[in-house]
Number of protein chains: 2
Amino acid sequence: MPTATVEDYLKQIYLESGEKLLPMGQLATALDVTPGTATAMVKRLAASKMVLYQPYNGVQLTPQGKHTALDVLRRHRLIESFLVEVLKIDWADVHEEAEQLEHAVSPRLLDAIDSLLGHPQFDPHGDPIPDGGGDISHQSNQLLAECQVGSQYRIARIADQRNEFLHFLAKHNLRPGNLVTILSSDPASEAMTLRTDLAGNDVTLAITAASRILVCEP
Amino acid sequence: MPTATVEDYLKQIYLESGEKLLPMGQLATALDVTPGTATAMVKRLAASKMVLYQPYNGVQLTPQGKHTALDVLRRHRLIESFLVEVLKIDWADVHEEAEQLEHAVSPRLLDAIDSLLGHPQFDPHGDPIPDGGGDISHQSNQLLAECQVGSQYRIARIADQRNEFLHFLAKHNLRPGNLVTILSSDPASEAMTLRTDLAGNDVTLAITAASRILVCEP
DNA sequence: AGATAAATTTTGACTTCTCAAAAATATTAT
DNA sequence: ATAATATTTTTGAGAAGTCAAAATTTATCT
Ligand SMILES: [Mn+2]
Ligand SMILES: [Mn+2]
Ligand SMILES: [Mn+2]
Ligand SMILES: [Mn+2]
């Protein structure tokens, strides 16, 4: 069985490398280790056929590595859902918790969680949960920043999972599944204003921030 | 913060050494490591003031070590309770699960579990759950094997947590909290027969087995 | 092209955890 | 009291994971 560290490396490589090679520096930064540490680990990963490693060029998952990465991701996202739904842990805190728990849950326990939640398709941030066979749905959402003024959309996914941002979104009811109407979008001030409910609670945010909110048709 | 391994060592020393010194061999066997490994670890533990170590004699927790051990035990037993109550995991399986999860739950998550369960005093095996301050209730139960024939008792605690035994007990409704009446106890066959419910479902077991079931007055 | 800067790899070192096998110590039996 | 046995400690070794700093390679800029 892979160690917790190996699981985290594989998961990160999956999340950051889309088919392409992921540069070592980026991997090291994401995992908060020195570049040399990442190189050493990626060599071990390559020796065990989990990744393809091209020195000075980057790293990429093998099918085997991708399989493990998706398994870890499934555990991570199911746990996040569970923590929010059942234990009422704050939206913004579940990621850190899941980062540890993902390495400690057995397949049996994960099944129990999956059943209790009714086999959810998406986690609290709108990220898709891979199924037990390693399949993951890849839907195409649009950036809220690039949507039409006056139209209504459904929030689908949050692409920035930093604590402050999630807290801000939660405070203004901007969670996946909820509806928003774009009241205005002003290139001059680089801000847009949204209506988040019928009570007229509006919120204004930077277009850069709105580009981290993915939406779909209502 | 202590590593998972250190936590397991401290917990085990707590469980096996009652005020007295715990011999190295016993510790090594319990943790399934070689004697040399246990010695090496205990030396590190002694260097960090978690245990007192008397070479060739044994090991004992310091107040600081005991504090950590009780904290781990609290996590372990709350998690066991949670797995049984909320996730309906089998009685006999929760120990292994908790052995991993105890090192992965944050204080915040543990609090959420504790609240959801209503601050339970005992885990599914009847073992007392230390409170947040490190206090643990130490009640005196009697061995079912040494009880009066014809009398009724309440099962308080199971002192043998091997899978087969727990499965056997569960099948015959011999769980902490339930009532049993001793129908007979025969020194010749070294067996005793119990009535476990009103429907007349009786069960016969060895007196040695019954000595691992602790009971109290109903 | 040649120099400078940036990214990456190597090297040397350290901690934690582990085992196997040899050495030392303690216990038990004769 | 010796010898035999059991327990414990030491020694030597290795895997995993990490960092700091030096060396190397690649990319960028005159
Ligand atoms: Mn993780
Ligand atoms: Mn998520
Ligand atoms: Mn454990
Ligand atoms: Mn228990």
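Rules of the game
Residues numbered from 1 in each chain as written. Chains lettered and ligands numbered in written order. Predicted model: local features only at pLDDT ≥ 70, side-chain atom pairs only at ≥ 80, totals over all residues. Heavy atoms only, no water. Helix = DSSP H or I, 4+ residues; strand = E, 2+ residues; numbered from the N terminus. Buried < 20%, exposed > 50% of the residue type's maximum accessible area, 1.4 Å probe, protein only. Contact = heavy atoms within 4.5 Å. Pairing = 2+ DSSP bridges. Axes fitted to C-alpha atoms, helices over the stretch in contact; angles between N-to-C directions. Parallel < 35°, antiparallel > 145°, perpendicular 65-115°, else oblique. Left-handed = near helix turned anticlockwise from the far one by under 90°. Nonpolar A, V, L, I, M, F, W, Y, C, P; charged D, E, K, R; others polar. Domains from an automatic or database assignment. Near = heavy atom within 4 Å. Polar contact = N/O pair within 3.5 Å; in protein donor to acceptor, adjacent residues only side chain to side chain.

Okay, the overall build of chain A next. On a plain count of helices and strands, chain A comes out with eight helices and eight strands. Dimensions of chain A along its principal axes, counting C-alpha atoms only, are 55 × 40 × 25 Å. Across the 218 residues in chain A, those meeting the buried criterion constitute 44%. Of all intrachain contacts in chain A linking residues separated by at least 6 positions in sequence, the fraction that spans at least 24 positions is 61%.

Moving on, we get to the sheet that holds strand β8 (residues 213-216) of chain A. Whenever strands of a sheet pair, they do so through backbone hydrogen bonds, lying parallel or antiparallel. All names here are of chain A. The strand order across the open sheet built from six strands is β3-β8-β4-β5-β6-β7, with neighbouring strands paired in antiparallel fashion. Either end of the sheet is taken by a strand with one partner, and the two such strands are β3 (142-143) and β7 (202-206). Alignment of strand β4 (residues 152-158) against strand β5 (residues 179-186), held across three bridges, turns out to be antiparallel. Paired with Gln152 across the strands is Thr181, a residue of β5. Running at roughly 150° to β4, helix α7 (residues 163-171) makes contact with β4, β7 and β8 of the sheet.

A separate point is the pairing of strand β7 (residues 202-206) of chain B. Looking along a regular strand, one sees side chains alternate from face to face of the sheet. Residue and element names in this part refer to chain B. Relative to β7, strand β6 (residues 191-195) runs antiparallel, the two sharing five bridges. Bridge pairing links Thr193 to Thr204 in β7. Between β6 and the antiparallel strand that follows it, β7, lie six residues; Gly200 among them carries a positive phi value of about 80°.

Our next topic: the packing of helix α4 (residues 63-85) of chain B against helix α5 (residues 94-101) of chain B. Residue and element names in this part refer to chain B. At their nearest, the axes of α4 and α5 sit 9 Å apart, and the two run at 130° to each other. Classified by the angle their axes make, α4 and α5 are oblique. By crossing handedness, the relation of α4 to α5 is classed as right-handed. Seen from α4, the contacting residues are His76, Ile79, Glu80, Leu83 and Val84; seen from α5, they are Val94, His95, Glu97, Ala98, Glu99 and Leu101. The class makeup of the residues in the contact of α4 with α5 is six nonpolar, two polar and three charged.

What the domain assignment lists for chain A is domain 1 (4-61) and domain 2 (142-216). Spacing between the C-alpha centres of domain 1 of chain A and domain 2 of chain A amounts to 34 Å.

Turning to the protein's contact with DNA strand D, a few remarks are in order. In the vicinity of DNA strand D there are 20 residues, among which Thr3(A), Thr37(A), Gly25(B), Lys43(B) and Tyr53(B) approach most closely. Restricting attention to atoms of DNA strand D within 4 Å of the protein, one finds that 88% of them are sugar or phosphate atoms. In this structure, a phosphate oxygen belonging to DNA strand D sits 2.4 Å away from a side-chain N or O atom of Thr3(A). In this structure, a phosphate oxygen belonging to DNA strand D sits 2.9 Å away from a side-chain N or O atom of Thr39(B). Put simply, the parts of the chain that give the surface near DNA strand D at least two residues each are α1 (4-16) and α3 (35-47) of chain A together with α2 (24-31) and α3 (35-47) of chain B. In terms of residue count, the dominant contributor to the surface near DNA strand D is α3(B) (four residues). Split by residue class, the surface near DNA strand D holds 11 nonpolar, seven polar and two charged.

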